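Read off the chains here:
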Amino acid sequence: MRILFLGDVVGKAGRLAVKQFLPQIKEELRLDAVLANGENIAGGIGMTCETLDELFGAGVDFVTSGNHVWRHKEIFSRLEKDRRIIRPANYPEGAPGRGHAVLTLGDGRRIAVLNMLGNTYMEPLPCPFRTALSWVESPELEDIPVRLVDFHAEATSEKKTMGWALDGKVSAVLGTHTHVQTADAQLLPRGTAYLTDLGMCGVEQSSLGMDFDAVFERFLTKIPTAFKPAKGEISLNGAYLDIDDATGQAKEIRIIREHCPKWRLETSAEQGMPD
Ligand code: FE2
């Protein structure tokens, strides 16, 4: 099974990157499914129904998220009813939506997806390791060998350890949240594909997708400033996975990193899009 998993899609620039690059990548890699972390698709933080629909319209089949998913309240009911979107599974009971789901492809093949938030330097949520280990043991996964984990976490040590803990139990452990793609795409000893961070879809000359000015001001003064999404040349970052349908073992993981100076925000058709 050929899968593309895109890193955090940030704001209008990120959505534009997906629209611009995805059709060609889909064709070249003959993809069966496209997944993306969409926690920042709306104005660089959170997601709205409109921006989600735009992402699905651009060819994304399934959306994971992270700590920013709660930013826009309109998404709460969408998280409840749309099974193509998940939020981190280790939020306490009562949080809207679900932390894992199964994506069924047109030909009936299935992909189980789990989303989790790291604990280190993040909110003190229930343990992601225990969450993951109970998920892989759950009866619903018995006949679904293809399993993907989006571990939305800050610390490299936590992400690497999650890869080790799930090696041989899932097809891939992919990190998100830092917005910077790491160079460690690898197949772990028991057949799990691993990458510490998928990177970001958006404006690379930015602070994680945000305009430098306000971020710099905040670093200098320590006074809260309103961040706004950066404008400029767009990039698309993620990973390509080839997974054995029958065993769920990864055969290949390869980073995807596309950049095109021709495609900038504020140049043409995208002006009517929401941030
Ligand atoms: Fe995040």
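Sequence order as written defines the numbering, with residues in each chain counted from 1. It should be noted that, the model being predicted, local features are given only for residues of pLDDT at least 70 and side-chain atom pairs only at 80 or more, the latter also being counted only at that level, while totals for whole chains, interfaces and linings use all residues. In computing side-chain values, all of the structure's heavy atoms are included and hydrogens and water are not.

Asks: Please explain the pairing of strand 12 (residues 233–243) as it appears in this structure.
Replies: Two faces belong to every sheet, and in a regular strand the side chains alternate between them. Counted residue by residue, strand 12 has ten buried out of eleven residues, so it is predominantly covered. As paired elements, strand 1 (residues 2–6) and strand 12 share five bridges and run antiparallel to each other. Note that in strand 12 the partner of Ile3 across the bridge is Leu241. Pairing of strand 11 (residues 200–203) with strand 12, which is carried by two bridges, proceeds in the antiparallel orientation. What sits directly across from Gly202, in strand 12, is Ser235. Exposure categories follow from relative accessible area, calculated using a 1.4 Å probe and restricted to protein chains: below 20% of the type maximum is buried, above 50% is exposed, and the middle band is partly exposed. Think of it this way: any DSSP run of H or I at least four residues long counts as a helix, any run of E at least two long counts as a strand, and we number them from the N terminus. In this scheme, strands are said to pair when DSSP sees at least two bridges between them.

Asks: Can you help me understand the layout of surface pockets in this one?
Replies: Left-over empty space is what a probe sized like a water molecule reveals as it rolls over the atoms. Only protein atoms enter the 1 Å grid used here, on which a cavity is any set of points holding a 1.4 Å probe that cannot leave and a pocket is any open set flanked by protein within 12 Å on both sides along at least five of seven lines; residues with an atom within 4 Å of a point are listed as lining. Grid points are joined across faces, edges and corners, and a volume is the space filled by probe spheres set on the points. There is about 390 Å³ of room inside the largest pocket. Considering the residues around the largest pocket, the lining is formed by 17 residues, among which His68, Ser207, Leu208, Met210 and Phe227 are closest to the centre. Class assignment for the residues of the lining of the largest pocket results in six nonpolar, eight polar and three charged. The space that makes up the second largest pocket amounts to roughly 160 Å³. As for the second largest pocket, its lining consists of His179, Val180, Gln181, Met200, Glu204, Ser206, Leu208, Ser235, Asn237 and Arg257. Just so you know the grouping, Ala, Val, Leu, Ile, Met, Phe, Trp, Tyr, Cys and Pro go in nonpolar, Asp, Glu, Lys and Arg go in charged, and all remaining residues, Gly too, go in polar. Classifying every residue of the lining of the second largest pocket gives three nonpolar, five polar and two charged.

Asks: Just to check I follow, could you spell out the packing of helix 1 (residues 11–29) against helix 2 (residues 49–57) for this structure?
Replies: Between two packed helices, both the angle of their axes relative to each other and the distance between the axes serve to describe the pair. Interaxial distance between helix 1 and helix 2 falls to 9 Å at its minimum, and their mutual angle equals 20 degrees. When the interaxial angle is binned, helix 1 and helix 2 end up roughly parallel. Considering the relative orientation of helix 1 and helix 2, their crossing is left-handed. Seen from helix 1, the contacting residues are Arg15, Val18 and Lys19; seen from helix 2, they are Thr51, Glu54 and Leu55. Along the lines of polarity and charge, the residues of the contact of helix 1 with helix 2 split into two nonpolar, one polar and three charged. Helix axes use the C-alpha atoms of the stretch in contact, all axes being lines fitted to C-alpha atoms, and the angles between their N-to-C directions lie in the range 0 to 180 degrees. Oblique is the label for any angle not covered by the other classes, which are roughly parallel (under 35 degrees), roughly antiparallel (over 145) and roughly perpendicular (65 to 115). Left-handed describes a crossing in which the near helix is turned anticlockwise from the far one by less than a right angle; the clockwise case is right-handed. The contact rule is simple, with two residues in contact once any of their heavy atoms fall within 4.5 Å.

Asks: Please explain the packing of helix 4 (residues 128–137) against helix 5 (residues 156–166) as it appears in this structure.
Replies: Axis separation between helix 4 and helix 5 bottoms out at 11 Å; the angle between their running directions is 25 degrees. The angle between helix 4 and helix 5 falls in the class roughly parallel. For the element pair helix 4 and helix 5, the recorded crossing hand is right-handed. Here Pro128, Phe129, Ala132, Leu133 and Val136 of helix 4 come into contact with helix 5, specifically with Glu158, Thr161, Met162, Ala165 and Leu166. Looking at the contact of helix 4 with helix 5 residue by residue, the class counts come to eight nonpolar, one polar and one charged.

Asks: Just checking my understanding: could you explain the coordination of the iron ion for this structure?
Replies: Ideal values differ by geometry: the angle at a metal is 109.5 degrees with four tetrahedral donors, but 90 or 180 degrees with six octahedral donors. Protein-derived coordination of the iron ion comes from Glu39 (OE), Asn67 (OD1), His152 (NE2) and His177 (ND1), at a distance range of 2.0 to 2.6 Å. Donor atoms (N, O, S) are those found within 2.8 Å of the metal centre, with the cutoff raised to 3.2 Å for Na, K and Ca; water is not part of the atom list, so apparent gaps in a site can occur. Every geometry call rests on angle ranges, with four donors termed tetrahedral when all angles are between 85 and 135 degrees, four termed square planar and six termed octahedral when opposite donors are over 155 degrees apart and all others are between 65 and 115, and everything else termed irregular. Taken together, the four donor atoms coordinating the iron ion and their angles of 82 to 158 degrees define a geometry best described as irregular. Motif for the iron ion, donor spacing along one chain: E-x27-N-x84-H-x24-H. Here His152 lies in strand 7 (residues 147–152) and Glu39 lies in the loop between strand 3 (33–37) and helix 2, a separation of 113 residues in the sequence. Exposure class is identical for Glu39 and His152. Each is buried.

Asks: What is the right way to look at the pattern of salt bridges in this model?
Replies: Between side chains of opposite charge, a pair can form when the charged atoms approach closely. A pair is scored as a salt bridge if a Lys or Arg side-chain nitrogen falls within 4 Å of a carboxyl oxygen belonging to Asp or Glu. Within this structure, the stated rule accounts for twelve salt bridges. The partner of Arg15 in a salt bridge is Glu54, and the shortest N-O contact between them spans 3.1 Å. With Arg15 in helix 1 and Glu54 in helix 2, this pair connects stretches of sequence that are 39 residues apart. Residue class for Arg15 comes out buried when judged on its relative accessible area of 1%. Assessed through its relative accessible area of 13%, Glu54 is described here as buried.

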